[in-house]
Amino acid sequence: MFCPKCGGQNPEEGKFCRSCGADLGNVSAALSGTLPVQKPAFYMDRKGRMRSNDPDEIYSSAIRSIIGGCGFLIVAIVLFTTGVANGHTWWWAMLFPAFSMLGHGVSQMAKVKRMEKRGGVANITQPTQITSPPNAALPPQQTNWAAPESRYKTGDLVPSSVTDNTTRHLEMDTEGKTMTLPKQ
């Protein structure tokens, strides 16, 4: 498998890229066909507004709407009974937002109940997934590397190391590792 970040080749069961360290868990799951389909957290309603698909958020919004509707209903009743600010003539205007908010809250509560019954997802249309043949866009599994007896000399292109002249004087042990300076 190839890393989507740097393009380096990695083993099929690798979890991280050997070159750049990128997480390859989703890549291997996608290649094997076991990638879990995630349900969207938000969706667009009919009017193009973003709406939450989380039952907890919908439930909290329903509670806010019901409390707001009850507040408008209480204000309407207080205006009708006390007549403050000539409330006897316009108390009924407070009923419009009161019943609108109460209705919205009740409908959201019903939506949460429906979502719990169906398994936690709102009844919205999911985008269709495009299926393609497996590994169609990936590079070939085997890479043709330049043979050692090639006419290309890559050593000519690499500048000499700063430590080349300093490490030549060190003693080598039996395993080919440097140890110390030679004794004089």
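Summarised in this report is the structure supplied together with it. (Residues numbered from 1 in each chain as written. Predicted model: local features only at pLDDT ≥ 70, side-chain atom pairs only at ≥ 80, totals over all residues. Heavy atoms only, no water.)

### Describing the overall build of the protein
- Counting its regular elements, the protein contains 5 helices and 2 strands.
- Listing every helix and strand of the protein by position from the N terminus yields α-β-β-α-α-α-α.
- Long-range contacts, defined as pairs at least 24 residues apart, comprise 39% of the intrachain contacts of the protein with a sequence gap of at least 6.
- With the model as given, the accessible surface of the protein reaches about 14800 Å², and the carbon-plus-sulfur share is 60%. (Helix = DSSP H or I, 4+ residues; strand = E, 2+ residues; numbered from the N terminus. Contact = heavy atoms within 4.5 Å. Areas by Shrake-Rupley, 256 points an atom, 1.4 Å probe, with all protein chains shown as cover.)

### Digging into the packing of helix 2 (residues 55-82) against helix 4 (residues 95-118)
- Contact pair helix 2 / helix 4: the axes reach a minimum separation of 7 Å and the direction vectors enclose 155 degrees. Relative to helix 4, the element helix 2 is oriented roughly antiparallel. Handedness of the crossing formed by helix 2 with helix 4: left-handed.
- Broken down by class, the residue content of the contact of helix 2 with helix 4 amounts to 20 nonpolar, 7 polar and 1 charged. (Axes fitted to C-alpha atoms, helices over the stretch in contact; angles between N-to-C directions. Parallel < 35°, antiparallel > 145°, perpendicular 65-115°, else oblique. Left-handed = near helix turned anticlockwise from the far one by under 90°. Nonpolar A, V, L, I, M, F, W, Y, C, P; charged D, E, K, R; others polar.)

### Examining the packing of aromatic side chains
- If you walk through the whole model with that rule in mind, you get 2 aromatic pairs.
- Between the aromatic rings of Phe80 and Trp91, the centroid separation amounts to 4.7 Å while the plane-to-plane angle is 55 degrees, which identifies the pairing as tilted. Note that Phe80 is positioned in helix 2 and Trp91 in the loop between helix 3 (87-90) and helix 4, a separation of 11 residues in sequence. (Phe/Tyr/Trp six-rings, centres within 6.5 Å; stacked < 30°, edge-to-face > 60°.)

### Points about helix 2
- An ideal rise of 1.5 Å per residue puts 40 Å on 28 residues; helix 2 measures up with 40 Å between its terminal C-alpha atoms.
- Regarding helix 2, the residues found buried are Ile58, Ser61, Ala62, Ser65, Gly69, Ala76 and Leu79.
- Those residues of helix 2 hidden inside the fold are in contact with strand 2 (50-52), helix 3 and helix 4.
- A positive phi of about 75 degrees marks Gly83, the residue just after helix 2. (Expected span 1.5 Å × (residues − 1). Buried < 20%, exposed > 50% of the residue type's maximum accessible area, 1.4 Å probe, protein only.)

### Focus: the side chain of Asn10
- Here Asn10 lies in the segment before helix 1 (25-32).
- The class of Asn10 is buried, set by a relative accessible area of 5%.
- Within the structure, Asn10 has its side chain in polar contact with the backbone nitrogen of Arg18 (distance 2.8 Å).
- Aside from chain neighbours lying at most four places away, what touches Asn10 is Met1, Cys3, Phe16, Cys17, Arg18 and Leu24. (Polar contact = N/O pair within 3.5 Å; in protein donor to acceptor, adjacent residues only side chain to side chain.)

### Topic: the side chain of Gln108
- Along the chain, Gln108 turns up in helix 4.
- On the accessibility criterion, Gln108 (12% relative accessible area) is buried.
- Only 3.2 Å separates the side chain of Gln108 from the side chain of Ser61, close enough to count as a polar contact.
- In this structure Gln108 touches Ile58, Ser61, Ala62 and Ser65, once residues within four positions along its chain are discounted.

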